[in-house]
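Summary of the model geometry
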Amino acid sequence: MSNLNLEAIIEINNIKKIYELEQFGIKSFKNDLKKFFFSNINSNVKTIIALNEISLKIYKGDTIALIGKNGSGKSTLMKILSGITKPTNGEVILKGNVTSALQGSFAFQSDLTARDNIYQFCAFKGLNNKKTKSIFKSIVNFAECEKFINTPMKRFSSGMSMKLALSIAVNIPGEIMVFDEIFNYIDEEFKRKIINFIKEKLSSENRTLILVSHDFELLKALCKTAIVLDDGKVSFYGKLKYVPKK
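Since the structure is predicted, the reported quantities are computational estimates derived from the model, not experimental observations. One numbering rule holds for all chains: residues counted from 1, following each sequence as written. Local features in this predicted model are restricted to residues whose pLDDT is 70 or higher, and side-chain atom pairs enter the listing and the counts only when it is 80 or higher, whereas totals over whole chains, interfaces and linings include all residues. The side-chain quantities take in all heavy atoms of the structure and omit both hydrogens and water.

**A few points about the confidence of the model for the chain**
- The predicted model of the chain averages 87 in pLDDT, with 86% of residues at 70 or higher.
- No element of the chain has a lower mean pLDDT than helix H1 (residues 29–36), which averages 51, and none a higher one than strand E3 (residues 63–67), which averages 97. pLDDT is a residue-level measure of predictor confidence that goes from 0 to 100. Only runs of H or I of at least four residues qualify as helices and only runs of E of at least two qualify as strands under DSSP, and these elements are numbered from the N terminus.

Right, here's the structure in full:
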């Protein structure tokens, strides 16, 4: 962890995230939760506490491995940091721009071309046309999709789509990088390429990284610090090499 005399780039103050199960309108939703995430859920449960009063400070240049079993709250926290969802209670203060690529949430418009999707996503992140043009070539070249730039995204494979998503995320200006299980659909060669590029950004621009992955070797390659979540609470915050073995 960083020197506590430094100003935090991310302040997480007593956040809580509660999901109301009935809002989904799906009778089988509780069964799905029980099957895939919360083994102890019962039929009378009406809410799930995904995050339970978490408070954290993360500093500029920190490289954080966010660790925990399925259902521990990792993806919920990443979505809050990325602005996809809001906490039920508490606040998150971001003192830098966030670039993110989260599994299942990088939604390209399938009928639009790769070119149009790049411009649309950059506009969503607050970049004007001039700024997007300045990084457009870097995005396309890094994603290795020059030949397909005018092809509708529905023609892209999962791997091609993820390469483009990652390329956009690492090339958009931002002080904080947030990645959640985003290496699952790419080949080993591109995986090495993106890891080296992230390392370069961390070193040359002193970016802050928060990474979720079940690949511990990947976490060791990119992160020095670990935050472990357990049932929506922080159970460990310290050096990655000291994470308790379970």
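Anyway, onward from the coordinates.
**Things to note about the sheet that holds strand E1 (residues 8–20)**
- Ordered in space as E2-E1-E4, the 3 strands form an open sheet in which the pairing is antiparallel. Unpaired on one side and paired on the other, strand E2 (47–59) and strand E4 (89–94) mark the two borders of the sheet. Direction aside, the axes of adjacent strands within the sheet are offset by 15° on average.
- Sheet topology places E1 next to E4; 5 bridges connect them, and they run antiparallel. Note on E4: the bridge partner recorded for isoleucine 10 is leucine 94.
- Strands E1, E2 and E4 of the sheet are contacted by helix H2 (residues 74–82), whose axis makes an angle of about 120° with E1. The pairing criterion for strands is at least two bridges between them, as found by DSSP. Angles here are taken between N-to-C directions and fall from 0 to 180 degrees, while the axes themselves are lines fitted to C-alpha atoms, restricted in helices to the stretch in contact. What makes two residues a contact is simply this: any of their non-hydrogen atoms within 4.5 Å.

**Some words on the environment of phenylalanine 136**
- With respect to the element layout, phenylalanine 136 can be found in helix H4 (residues 129–143).
- Exposure remark for phenylalanine 136: the relative accessible area of 13% places this residue in the buried category.
- Each C-alpha atom, one on phenylalanine 136 and one on isoleucine 172, is 9.6 Å from the other, the two residues being 36 residues apart in sequence.
- Excluding residues that lie within four positions of it along the chain, phenylalanine 136 makes contacts with Arg115, Ile118, Tyr119 and Ile149. Buried means the residue's accessible area, taken with a 1.4 Å probe over protein chains only, is under 20% of the maximum for its type, while exposed means over 50%, and partly exposed covers the values in between.

**Remarks on the sheet that holds strand E8 (residues 225–230)**
- Overall, mixed pairing links the 6 strands, which are arranged E5-E6-E7-E3-E8-E9 in an open sheet. Each edge of the open sheet carries a strand with a single partner, namely strand E5 (98–102) and strand E9 (233–239). Each neighbouring strand pair of the sheet contributes to a mean axis angle of 15°, computed without reference to strand direction.
- Direction of pairing for E3 relative to E8: parallel, over a ladder of 4 bridges. Within E8, the residue paired with alanine 65 across the bridge is alanine 226.
- Most of the contacts of helix H5 (residues 158–171) go to E5, to which it runs at about 165°, and overall it touches E5 and strand E6 (176–180).
- On top of the sheet, helix H6 (residues 188–205) reaches E3, E6 and strand E7 (208–212); it is set at about 155° to E6, its chief contact.

**Details of the pattern of salt bridges**
- Salt bridges are identified by distance alone: a Lys or Arg side-chain nitrogen within 4 Å of an Asp or Glu carboxyl oxygen. For the structure shown, the criterion picks out 10 salt bridges.
- Across the pair lysine 193 and glutamate 144 runs a salt bridge whose closest N-O atoms are separated by 3.1 Å. Highlighted residues: lysine 193 in helix H6 and glutamate 144 in the loop between H4 and H5, separated in sequence by 49 residues.
- Judged by its relative accessible area of 27%, lysine 193 falls in the partly exposed class.
- Residue lysine 163 is joined to aspartate 187 by a salt bridge in which the shortest nitrogen-to-oxygen separation is 3.0 Å. Taken together, the residues lysine 163 in helix H5 and aspartate 187 in the loop between E6 and H6 connect sequence positions 24 residues apart.
- The exposure class assigned to aspartate 187 is partly exposed, which follows from its relative accessible area of 35%.

**Some points on the side chain of lysine 17**
- Tracing the backbone shows lysine 17 in strand E1.
- A residue is classified by how much of its surface remains accessible, and lysine 17, at 10% relative accessible area, is buried.
- Among residues more than four places away in sequence, those in contact with lysine 17 are Ile48, Ile49, Ala50, Leu51, Thr76, Ile80, Thr85, Lys86, Pro87 and Thr88.

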